[in-house]
Amino acid sequence: MNSSTHLDAALRWDGSRLAILDQTQLPHRELWLTLAGAADTADAIRRLAVRAAPLIGIAAALGPAMEVAAAPDPEPGMRLLREARPTAVNLAWAVDRVWAAARAGGADAARDEAERIEGEEGAASAAIAAHGADLLAGARRILTHCNTGALATGGAGSALGVIRELAARGEVEVLASETRPLLQGARLTVWELTRDGIPVTLAVDGAAAGLMRRGEIDAVIVGCDRVAANGDVANKVGTYAHALAARAAGIPFVVAGPTSSVDAALPSGDEIEIEERDADEVRRPGGDLVTLPDVAVRNPAFDVTPAELITAFVCERGVAQPPTAAAIAALLAR
Ligand code: MRU
């Protein structure tokens, strides 16, 4: 079992039961929920109580391990989990790995494989932080989007892990964009960085482009839910706009994430399925109606940033700069 402090920040595994910090309640309440199998793990993933690609992967590994240990027929639970959210490739990847181990070696093999995934993600976070901080050495004012920290990974984070490492090496100021409509930046990134004593300023998503243009940002770094073979990246909705603004302002736009988020079988970002979520997340942010109750709504949870707007992709194996198909393939071959 991985018992690192960072993992404990989001998820606790005692070898047979999974406890998760319910991220829908943050930053106001630290509520822990106990999960016992595939159905309640799938539900927690669907409603974003546990969220973000690498952490979804860990939960989606431990969920099947619990299911295989308890259910006479675990297969329907595997399907339920696999379909909980479509965009982060980590989910299907983790379920498939644990289910294959279960079929080959039973419940013990499933649990071992799930714990291996948990360990791999924690180690990936640490390596990403080091590679990313080397790449962004000298950048002080960093913009990030959504939440990519200890609440999102099995370690200190992907993009936020890089920021933590930069802060350990020198002075850093973070501009966190709110991340409409579910406010992962405002609720989660601000909470994490404040607990770490790293200076953070919050801005609405729409302010980011103007602040970049005014010269107030040195670099943008974000996470990823799925990286296609050609380097296109699906990440939280609003990421593409930040990438366009960074290009216009002439500042680096960096994507950080583990190789478990790379989908080498997918030729380009055009083929990535983008989750469309409930209209009321937009009509009623925080529960209060802010528009007409029946207005038509588009609520894509993610968008795709084309590789040509990305300065570099940082993963645990190194850096693809720029993230061409050849550079991504070379990283995966390491
Ligand atoms: O809808 P969410 O909160 O699961 O979206 C999360 C993101 O988009 C993150 O940026 C991504 O998963 C990378 S987390 C290291």
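Below you will find a few notes about this structure. (Residues numbered from 1 in each chain as written. Predicted model: local features only at pLDDT ≥ 70, side-chain atom pairs only at ≥ 80, totals over all residues. Heavy atoms only, no water.)

Packing of helix H3 (residues 53-70) against helix H5 (residues 89-135) brings their axes to within 5 Å, and their N-to-C directions diverge by 165°. Taken together, the axes of H3 and H5 are roughly antiparallel relative to one another. For the pair H3 and H5, the sense of crossing is left-handed. (Axes fitted to C-alpha atoms, helices over the stretch in contact; angles between N-to-C directions. Helix = DSSP H or I, 4+ residues; strand = E, 2+ residues; numbered from the N terminus. Parallel < 35°, antiparallel > 145°, perpendicular 65-115°, else oblique. Left-handed = near helix turned anticlockwise from the far one by under 90°.)

Pairing analysis gives 4 bridges linking strand S5 (residues 173-177) to strand S6 (residues 200-203), with the strands arranged parallel. Within S6, the position partnered with Ser177 by the bridge is Ala203. With helix H7 (residues 184-196) bridging S5 and the parallel S6, this β-α-β connection has right-handed handedness. (Pairing = 2+ DSSP bridges. Right-handed = clockwise from strand over helix to strand, strands pointing away.)

Pairing is mixed in the open sheet, where 7 strands are placed in the order S6-S5-S4-S7-S10-S13-S14. Strand pairing shows two members of the sheet lacking a second neighbour, S6 and strand S14 (318-320), which therefore form its edges. Ignoring which end each strand starts from, the neighbouring axes of this sheet average 25° apart.

So, on to the nonpolar core. Leu11, Leu18, Ile20 and Ile45 are the most contacted members of the largest nonpolar core, which totals 39 residues. Elements that contribute at least two residues to this core include exactly strand S1 (11-13), strand S2 (18-21), helix H2 (38-46), H3, helix H4 (75-82), H5 and H7. The greatest single-element share of this core, amounting to 10 residues, is contributed by H3. Two domains each put at least three residues into this core: domain 1 (5-125) and domain 2 (128-333). With sequence-adjacent residues up to four places away left out, Leu11 is seen in contact with Leu18, Ala19, Ile20, Trp32, Leu55, Ile58 and Leu62. Counting residues in hydrophobic clusters, the runner-up holds 26 residues, among them Leu211, Met212, Val222 and Val262. (Core = buried A, V, L, I, M, F, W, Y, C linked by side-chain atoms within 4.5 Å. Buried < 20%, exposed > 50% of the residue type's maximum accessible area, 1.4 Å probe, protein only. Domains from an automatic or database assignment. Contact = heavy atoms within 4.5 Å.)

Another point: the layout of surface pockets. The space that makes up the largest pocket amounts to roughly 260 Å³. Forming the walls of the largest pocket are 15 residues, and the residues nearest its centre are Thr24, Pro181, Leu182, Arg187 and Gly286. By residue class, the composition of the lining of the largest pocket is 5 nonpolar, 4 polar and 6 charged. Two domains each provide a minimum of three residues to the lining of the largest pocket, namely domain 1 (5-125) and domain 2 (128-333). (1 Å grid on protein atoms, 1.4 Å probe; cavity = no way out; pocket = protein on both sides within 12 Å on 5 of 7 lines; lining within 4 Å. Points joined across faces, edges and corners; volume = space filled by probe spheres on them. Nonpolar A, V, L, I, M, F, W, Y, C, P; charged D, E, K, R; others polar.)

This next bit is on the site of the ligand. The immediate surroundings of the ligand are formed by 19 residues, with Arg51, Arg85, Asp225, Asn235 and Lys236 found nearest. Separating an oxygen atom of the ligand from a side-chain N or O atom of Gln184 is a distance of 2.9 Å. Separating an oxygen atom of the ligand from a side-chain N or O atom of Lys236 is a distance of 2.7 Å. A total of 420 Å² of accessible area belongs to the ligand in isolation, and the protein chains cover 100% of it. Applying the majority rule of atoms within 2 Å of the grid points places the ligand in the largest cavity. Looking at the shell around the ligand, the elements that each hand over two or more residues are H3 and strand S9 (233-236). Class assignment for the residues of the shell around the ligand results in 8 nonpolar, 7 polar and 4 charged. (Near = heavy atom within 4 Å. Polar contact = N/O pair within 3.5 Å; in protein donor to acceptor, adjacent residues only side chain to side chain. Areas by Shrake-Rupley, 256 points an atom, 1.4 Å probe, with all protein chains shown as cover. Sits in = over half its atoms within 2 Å of the grid points.)

Here the distance between the centres and the angle between the planes together describe a pair of aromatic rings. In total, this model carries 0 aromatic pairs according to the counting rule given. Cation over ring: Arg12 sits above Trp32, and NZ or CZ is 3.8 Å from the ring centre. A cation over a ring is seen here: Lys236 above Phe302, with NZ or CZ 4.4 Å from the ring centre. (Phe/Tyr/Trp six-rings, centres within 6.5 Å; stacked < 30°, edge-to-face > 60°. Lys NZ or Arg CZ within 6 Å of the ring centre and 35° of its normal.)

Right, let's get into the sheet that holds strand S12 (residues 302-305). In sheet architecture, strand pairing relies on hydrogen bonds along the backbone and comes in two forms, parallel and antiparallel. An order of S11-S8-S9-S12 is seen for the 4 strands of this open sheet, with the pairing classed as mixed. Every other strand in the sheet has two partners, leaving strand S11 (262-263) and S12 as the edge strands with one partner each. Sheet topology note: the strand S8 (residues 226-228)/S9 ladder contains 2 bridges and is antiparallel. Looking across to S9, one finds that Arg226 is bridged to Ala234.

Our focus in this paragraph is the packing of H4 against H5. The relative placement of two packed helices comes down to the angle between their axes together with the axis-to-axis distance. For the pair H4 and H5, the least separation of the axes is 9 Å and the interaxial angle reads 160°. Accordingly, the angle class assigned to the pair H4 and H5 is roughly antiparallel. Regarding H4 and H5, the two cross each other, and that crossing is right-handed. Taken together, the residues of H5 that come into contact with H4 (itself represented by Glu75, Met78, Leu81 and Arg82) are Leu91, Ala92, Val95, Asp96 and Trp99. Classifying every residue of the contact of H4 with H5 gives 6 nonpolar, no polar and 3 charged.

That's the geometry; what it means functionally is another story.
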